[in-house]
Amino acid sequence: MCGIAGQFNFQRHEPVERETIVRMADSIAHRGPDDEGFFIAGPVGLGFRRLSIIDLAGGHQPMSNSEGTVWIIFNGEIYNYKELRAELQSKGHQFRTNSDTEVIIHGYEEWGTDVFNHLNGMFGLAIWDVQKERLILARDAMGIKLIYYKIDNGTLTFGSEIRAILAAQESRPNVDPTALNLFLRFRYTPSPLTIFQGIRKLAPGTMLIVEKGQCREERWYKFIPTPFSPPKKKEEAVSELLELYRSAVKRHLLSDVPVGVLLSGGLDSGLLLALMNEQGGPWPAYTIGYGESFEDDELTDAAVTAGLLGARHVKVKLDQTEFERALPKIVECLEEPIATSSIVPMYFVSQRARQDVKVALIGQGPDELFGGYRRHLGIHYGNWWRGLPAGVRSMAGFAVNRLPRNETLKRGVRSLSAADRLKRYQDVFSLAAPETIDGLFRGGVLPDRDRHELVEYWDALRPQMEHTDELGGFQLLEIRSSLPDELLMYGDKLSMAHSLEVRVPYLDRTVVEYGQRLSANLKVRNGTRKWLHRQICQRYLSPRILKGKKRGFAANVVDQWFRSSLNGMHREVLLDESSLMFGLLNPRPVRRLLEGHQSGRQDNHKLLFSLVMLEQWLRRSGSGQERLISEAHEGMDTVRVAS
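For clarity, every value in this text was computed on a predicted model and none was experimentally measured.

The next thing to look at is the overall build of the protein. Counting secondary structure elements, the protein contains 27 helices and 17 strands. Residues counted as buried form 61% of the 643 residues belonging to the protein. Partitioning the contacts of the protein with sequence separation of at least 6, the portion at a separation of at least 24 is 73%. Looking at the protein as shown, the accessible area adds up to about 24400 Å², and 48% of this sits on carbon and sulfur atoms.

What follows is the structure in structure tokens.
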């Protein structure tokens with residue numbers, strides 16, 4: 001687990017400056033405090049920071065083949081590397097180390113870029129092919145690891161984090177208004193965009209190939225889920241999924257350093273701990289809590305699970321004062337605004353876990369794979385809604401829209417009526433209607449185009465949805481977009497801020513691809529979410545945990561803190577017309593959102609939280625918006641004088 005950075009002057013072939021590559025690597029030293037390495041050869045420069053996990057003595061990077069014709073810098077873990085090593089040895093390849101990194105090098109020699117289809121793991125990597133003068137960047141199939149890049153004036157600059165790219169340039173980029181619009185709609189910025197103009201991130205399962213003076217993005221991961229035929233019966237599916245879980249957990253426990261688990265009070269991490277116990281233990285388990293006065297506190301339930309499964313339970317407590325104090329620092333770690341309340345507990349539980357371990361397993365994935373969110377109920381039963389007579393739907397929609405608050409229900413009713421599949425999915429994800437989000441912007445900020453069109457990257461996923469049912473298609477979109485670009489993104493950034501490697505066994509390729517082929521009735525049944533996953537949990541967990549409500553690191557408590565802070569410092573941010581966001585946004589519609597929320601007519605706390613996170617991000621990022629913001633504020637002063 002590491003941080004990578006580099007440059008390639010692919011058009012003019014000018015020499016890369018070593019000082020630039022060193023500066024880029026230094027900017028991500030937190031990702032790899034154990035070692036560093038550099039490869040500089042004419043127009044190519046590669047930098048590396050290492051967090052040593054496997055083959056502590058032999059895993060130094062950049063690493064090459066014995067002839068020095070293929071070089072690699074690699075951030076991640078390949079869980080099937082021992083099997084691949086044996087296969088490559090049978091083909092005549094000779095290895096000098098025991099690291100998974102060298103397996104990728106020999107795999108590239110054997111299979112070219114098809115090596116990525118052989119890898120089961122998480123990775124963001126760069127391969128320099130000396131003979132072909134070709135540089136390849138690639139991101140793993142599930143998007144657990146990140147690769148950012150910028151192409152400017154014939155130079156490719158890339159890194160595991162945006163800060164590595166910023167370290168290589170003299171000026172700070174501006175905010176991309178299109179990306180900002182999407183952030184306010186979805187609470188994250190979908191690949192390949194970032195909040196910065198000109199800086200992109202590779203989408204999951206894609207690669208960037210740079211050769212012969214040209215750059216091209218390609219999708220290397222082209223898995224198309226096809227339903228099992230005949231469909232899996234309950235007993236068969238439970239048995240097969242459990243074995244896939246067991247194998248995945250065994251692979252993800254591979255480590256030469258101490259391992260723990262991030263334990264919430266719910267099903268997914270509890271089952272994960274139980275499966276870890278089949279491979280050894282006892283394991284340290286880390287839980288964040290907020291005090292007994294909170295109904296949603298998870299410490300008690302997590303303690304029950306830890307006690308039942310024999311784990312050493314480590315409690316991390318957080319209060320509202322610390323939440324508000326730490327928020328700016330957390331925003332800085334994220335590099336892009338993410339408006340998810342779970343970022344705060346994730347930061348602190350990672351910080352505590354790193355005191356004892358270098359690797360922690362986490363239970364993300366089953367919600368997206370097996371239908372764990374409330375939105376999955378609406379998606380699953382949406383065909384029933386669309387089958388109703390138009391007049392009935394219109395009357396029901398009118399009644400729902402007159403309800404105070406209940407914004408989630410209103411969005412659901414509106415979205416499920418859309419005829420186009422991706423338009424329905426897009427509306428389910430959106431915090432508000434497109435026209436509401438567009439109306440927050442100042443005139444002339446957004447580009448002159450149809451801003452309601454489908455996100456380009458999502459539209460490219462239609463072929464992979466060809467054989468999926470309604471729920472399966474939506475879940476494919478979650479697995480390709482919201483999961484990697486929101487949840488996994490902040491999981492990576494906030495854990496690596498403390499030099500902690502987080503692994504996600506439920507997102508093992510074998511598990512994901514099996515789950516995508518299952519029919520919807522094994523995921524949502526009789527109104528029960530994650531039905532198949534729950535059948536396995538029943539074998540390991542107590543009835544109390546099985547019957548508990550979904551909380552996810554007690555994010556509801558953080559939501560409650562945010563709501564209360566809307567009457568305090570966050571309210572001032574939203575009302576202060578000198579706030580930086582008002583260089584891009586119009587204060588009046590923002591004020592109306594706050595007034596509607598505080599009056600009780602609407603529940604706008606998610607969108608308001610997004611706006612607060614945007615402001616915090618602008619204050620911490622130095623995003624190059626100063627001129628735009630200054631001009632906008634001058635315009636506001638003119639309006640006030642005229643009035």
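Continuing now.
Below, the discussion takes up a negative patch on the surface. Among the surface-exposed residues, Glu-67, Glu-87, Glu-109 and Glu-110 lie close enough to one another that they form a single negatively charged patch. Note on Glu-67: relative accessible area 55%, which makes it exposed.

With respect to the secondary-structure elements, Gln-7 resides in strand β1 (residues 2-9). Looking at Gln-7, its side chain comes within polar contact range of the side chain of Thr-157, at 3.2 Å. Discounting residues that sit within four places of it in the chain, Gln-7 has contacts with Val-16, Thr-20, Ile-21, Met-24, Pro-43, Val-44, Gly-45, Thr-155, Leu-156, Thr-157, Phe-158 and Ala-168.

Direction vectors running N to C along helix α9 (residues 320-334) and helix α10 (residues 343-353) enclose 85°, while the axes themselves pass 10 Å from each other. When the axis of α9 is compared with that of α10, the two are roughly perpendicular. Packed against α9, whose contacting residues are Glu-322, Phe-323, Ala-326, Leu-327, Lys-329, Ile-330, Cys-333 and Leu-334, the element α10 presents Ile-343, Val-344, Tyr-347 and Phe-348 at the interface. Here the residues of the contact of α9 with α10 are counted per class, giving ten nonpolar, no polar and two charged.

Averaged over all residues, the pLDDT of the protein equals 87, while 84% of them reach at least 70. Counting contacts from residues 624-643, a segment whose pLDDT is below 50, to residues more than four positions away or on other chains yields 25 contacts.

Taken in spatial order, the five strands of this open sheet run β15-β14-β13-β16-β17, and their pairing is parallel. Where the open sheet ends on each side, the last strands, each with one partner, are β15 (312-317) and β17 (501-503). Strand-to-strand twist across the sheet, computed as the mean angle between neighbouring axes with direction ignored, equals 30°. Two strands pair when backbone bridges link them, and strand β14 (residues 284-289) and β15 are joined in this way by six bridges, in the parallel orientation. Within β15, the residue paired with Thr-287 across the bridge is Lys-315.

Right, let's talk about the nonpolar core for a bit. Counting 169 residues, the largest nonpolar core has Phe-116, Ile-343 and Leu-585 as the members making the most contacts within it. With eleven residues, the single largest contributor to this core is helix α19 (residues 470-496). Those residues in contact with Ile-343, other than ones at most four positions away along the chain, are Leu-327, Ile-330, Leu-334, Ile-338, Tyr-490, Leu-494 and Met-613.

Attention now moves to helix α16 (residues 421-429). Summarising burial for α16: seven of the nine residues are buried, a large majority. Restricting attention to buried positions, one finds in α16 the residues Leu-422, Arg-424, Tyr-425, Gln-426, Asp-427, Val-428 and Phe-429.

Here we come to the environment of Lys-523. Counting through the fold element by element, Lys-523 comes out in the loop between α20 (509-516) and α21 (531-537). On the accessibility criterion, Lys-523 (2% relative accessible area) is buried. Filtering out sequence-adjacent residues up to four positions away, Lys-523 remains in contact with Leu-369, Phe-370, Leu-471, Gln-475, Gly-515, Leu-518, Thr-528, Arg-529, Lys-530 and Trp-531. At a separation of 3.0 Å, a polar atom in the side chain of Lys-523 contacts the side chain of Gln-475.

The strand order across the open sheet built from six strands is β4-β5-β6-β7-β11-β12, with neighbouring strands paired in antiparallel fashion. Both edges of this open sheet fall to β4 (63-64) and β12 (214-219), since each of them pairs with a single strand only. Where strand β7 (residues 134-139) meets strand β11 (residues 206-211), four bridges bridge the pair, whose relative direction is antiparallel. Among the inter-strand pairings, Leu-135 is bridged to a residue of β11, identified as Val-210. Against the sheet, helix α3 (residues 100-111) contacts β4, β5 (70-78), β6 (121-129) and β7, and its axis sits at roughly 125° relative to β5.

This brings us to empty space enclosed by the protein. Evaluation of the coordinates by the stated rule reveals six cavities of 30 Å³ or more. Around the second largest cavity, the lining residues are Ile-144, Lys-145, Met-346, Ile-362, Gln-364, Leu-488, Gly-491, Asp-492, Ser-495, Val-502 and Val-504. Considered class by class, the residues forming the lining of the second largest cavity number six nonpolar, three polar and two charged.

Here Ser-191 and Pro-192 are connected by a cis peptide whose omega angle stands at 5°. Of the consecutive residues Ser-229 and Pro-230, the connecting peptide bond is found in the cis state with omega at 0°. Within the fold, Pro-230 resides in the loop between β12 and α6 (234-252). Backbone geometry at Arg-187 places phi at a positive 80°, although glycine is not the residue there. Counting through the fold element by element, Arg-187 comes out in the loop between α5 (177-186) and β10 (199-201). Backbone geometry at Ser-499 places phi at a positive 60°, although glycine is not the residue there. One can find Ser-499 in the loop between α19 and β17. Exposure remark for Ser-499: the relative accessible area of 10% places this residue in the buried category.

Calculation criteria
- Residues numbered from 1 in each chain as written.
- Predicted model: local features only at pLDDT ≥ 70, side-chain atom pairs only at ≥ 80, totals over all residues.
- Heavy atoms only, no water.
- Helix = DSSP H or I, 4+ residues; strand = E, 2+ residues; numbered from the N terminus.
- Buried < 20%, exposed > 50% of the residue type's maximum accessible area, 1.4 Å probe, protein only.
- Contact = heavy atoms within 4.5 Å.
- Areas by Shrake-Rupley, 256 points an atom, 1.4 Å probe, with all protein chains shown as cover.
- Patch = residues over 30% accessible without salt bridge, like charges linked within 9 Å, V, L, I, M, F, W, Y side chains within 5 Å.
- Salt bridge = Lys/Arg side-chain N within 4 Å of Asp/Glu carboxyl O.
- Lys, Arg positive; Asp, Glu negative; His and termini not counted.
- Charge placed at Lys NZ, Arg CZ, Asp CG, Glu CD.
- Polar contact = N/O pair within 3.5 Å; in protein donor to acceptor, adjacent residues only side chain to side chain.
- Axes fitted to C-alpha atoms, helices over the stretch in contact; angles between N-to-C directions.
- Parallel < 35°, antiparallel > 145°, perpendicular 65-115°, else oblique.
- Nonpolar A, V, L, I, M, F, W, Y, C, P; charged D, E, K, R; others polar.
- pLDDT = per-residue confidence, 0-100.
- Pairing = 2+ DSSP bridges.
- Core = buried A, V, L, I, M, F, W, Y, C linked by side-chain atoms within 4.5 Å.
- 1 Å grid on protein atoms, 1.4 Å probe; cavity = no way out; pocket = protein on both sides within 12 Å on 5 of 7 lines; lining within 4 Å.
- Points joined across faces, edges and corners; volume = space filled by probe spheres on them.

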